[in-house]
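Next come the chains, spelled out residue by residue.
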Amino acid sequence: MNKKTLIFLIILSLFEFSHPALSFKAATVHPLPGVVDLRILETTDLHASLVNYDYYQTRVDNRIGLVKTATLIKKARKEVQNSLLFDDGDHLKGNPLGEYLARIRGIRKGKLHPVYRAFNYLHYDAVAIGNHEFNYGLEFLNAAVKGAKMPVLNANVFSVKKKKPYFTPYVILKRKVVDQNGRKHHLKIGVIAFMPTQIMKWDKANLEGKVMAKPMVDTAKEFIPIMKSKGADIIVALAHTGISYGTYSAESENAVYYLSKIPGIDVILAGHSHNVFPSSVYKNSPDTNIETGQINGKPVVMAGAFGNHLGIIDLRLKKTNGQWGILKGTSFTRPIVNDAGTSLVKRDKRLYQLVNPEHQETVDFINKLGL
Ligand code: MN
Ligand code: MG
């Protein structure tokens, strides 16, 4: 043995001794073959709450704001190998910043709406259109979504003239995921979005003669087989609708329970009613497990509103005979403040800088009005 080899062996042995935990772990943990853990993150009903700020009281409000949720998003991503991020709609309207941009200043040519600037920065994988997105008219909406780098989805609002979906109804995202053994796999994630048909009443002046809304459940039943035939391994529904357990009707505003019964829909991101799911609110509800966050055995999450919670669904997938199946799916939420109202996270500095120009303009506008 020459000197070089000896030194090499000594170094190797030192490495072994100095990492007893590593070698122990490798010897005792047997990850399942082809098992992929996939985390799905949700924001919903942001209502233009980008900054942790109350424009009515003109002061900081740490109970709201995507600048806070963003910190939870980054943390939740870091904890896992594979994740996706979606917004469930109602993101453009609902506070003075949204009003100021839509009714006073408008979207400057070539400039992004700050909500979509935020979505781009946080690398959302897709977003849903919510009913409130129609409040400023179709022209404003079309201008606002123009700079979005992710698919902007809805499947049940149809163009009257063209007789086809007004938005992109669904996408099949192709993502590389890493299994528990570190092996790469290709996964096709189908994503489809819905909203209540009540928009035709709520936004009659903006929508009549231009678009029409079809029932969410009927639309799902129409598109899910198409998405499956196009190779979707799993299907995520961005359902801008709440959870109610009454008798189903085509006009049910809160359709999550009925959507969860449709074969092929694997995961439901809920919204619209500004509730938190899972939570004790739903503890005595039929076919609902608030421990696992499942309705009819499907993982469902609803992340409150205004960025006050991040919704998280952890899926465990396994490929058998070339087909991906879901071994496990659990959901939970993380809040930005505790019950006493104390902040649990700092704001994301970079995001705050990115949306601060419009935030400051809105504050200045309010101050000028002397409100
Ligand atoms: Mn809403
Ligand atoms: Mg809504």
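Below or above, wherever it landed, is the structure these notes cover. Not measured: the values here are computed from a predicted model.

How each quantity is defined
- Throughout this document, residue positions are counted from 1 along each chain, in the order its sequence is written.
- Written order determines the labels here, with chains lettered from A and ligands numbered from 1.
- Two thresholds apply to this predicted model, a pLDDT of at least 70 for residue-level local features and 80 or more for giving and counting side-chain atom pairs, whereas whole-chain, interface and lining totals are computed over all residues.
- As a rule here, side-chain values cover all heavy atoms of the structure and leave hydrogens and water aside.
- For Na, K and Ca the donor cut-off is 3.2 Å, and for all other metals it is 2.8 Å, counting N, O and S atoms only; because water is absent from this set, sites may look incomplete.
- For every residue, the accessible area (1.4 Å probe, protein chains only) is compared with the maximum for its type, and the residue is labelled buried under 20%, exposed over 50%, or partly exposed between those bounds.
- Counting from the N terminus, the helices are DSSP H or I runs at least four residues long and the strands are E runs at least two residues long.
- Multiply 1.5 Å by the residue count of a helix minus one, and that product is the helix's expected span.
- Note that bend, as reported per residue, equals the angle between axes fitted to the 7 residues terminating at that residue and the 7 residues originating from it.
- Contact definition: two residues touch when any of their heavy atoms are within 4.5 Å.
- For this document, the term salt bridge refers to a Lys or Arg side-chain nitrogen within 4 Å of an Asp or Glu carboxyl oxygen.

All of the protein donors around the manganese ion (ligand 1) are Asp45 (OD), His47 (NE2), Asp90 (OD) and His274 (NE2); their distances to the metal are 2.1 to 2.4 Å. The sequence motif formed by the donor residues of the manganese ion (ligand 1) is D-x1-H-x42-D-x183-H. Judged by relative accessible area, histidine 274 falls into the partly exposed class, the value being 32%.

Looking now at the coordination of the magnesium ion (ligand 2). Those donors, Asp90 (OD), Asn131 (OD1), His240 (NE2) and His272 (ND1), are the protein atoms that reach the magnesium ion (ligand 2), and they lie 2.2 Å from it. All donors of the magnesium ion (ligand 2) belong to a single chain; written as a sequence motif, their spacing is D-x40-N-x108-H-x31-H. The metal-metal distance between the magnesium ion (ligand 2) and the manganese ion (ligand 1) is 3.3 Å, with aspartate 90 coordinating both. Of this pair, asparagine 131 sits in the loop between β5 (126–128) and α6 (138–145) while histidine 240 is found in the loop between β11 (234–239) and α10 (256–259), placing the two residues 109 residues apart along the sequence. Across the pair, histidine 240 and asparagine 131 agree in class, each one buried.

What sets the pattern is the α-helix's 3.6 residues per turn: residues three or four places apart point alike. Helix length check: helix α9 (residues 216–229), at 14 residues, gives a terminal C-alpha distance of 20 Å against a target of 20 Å (1.5 Å per residue), a fit within 8%. Of all the bends found along α9, the most pronounced is centred on phenylalanine 223 and spans about 25°, while proline 225, a proline, follows it within four residues. Here the buried face of α9 lies against β8 (170–178), β9 (184–194), β11 and α10. A positive backbone phi angle near 100° is found at glycine 231, which sits one or two residues after α9.

Applying the stated criterion across every chain, the model contains 14 salt bridges. Taking the shortest distance from any N to any O, the salt bridge between arginine 316 and aspartate 37 comes out at 2.7 Å. Within this pair, whereas arginine 316 is found in strand β17 (residues 309–320), its partner aspartate 37 is found in strand β1 (residues 35–43), the two being separated by 279 residues in sequence. Judged by relative accessible area, arginine 316 falls into the partly exposed class, the value being 27%. Classification of aspartate 37 as partly exposed rests on a relative accessible area of 30%. Between aspartate 61 and arginine 63 there is a salt bridge, with its nearest N and O atoms 3.0 Å apart.

The quantities given are spatial measurements derived from coordinates; they are silent on function.
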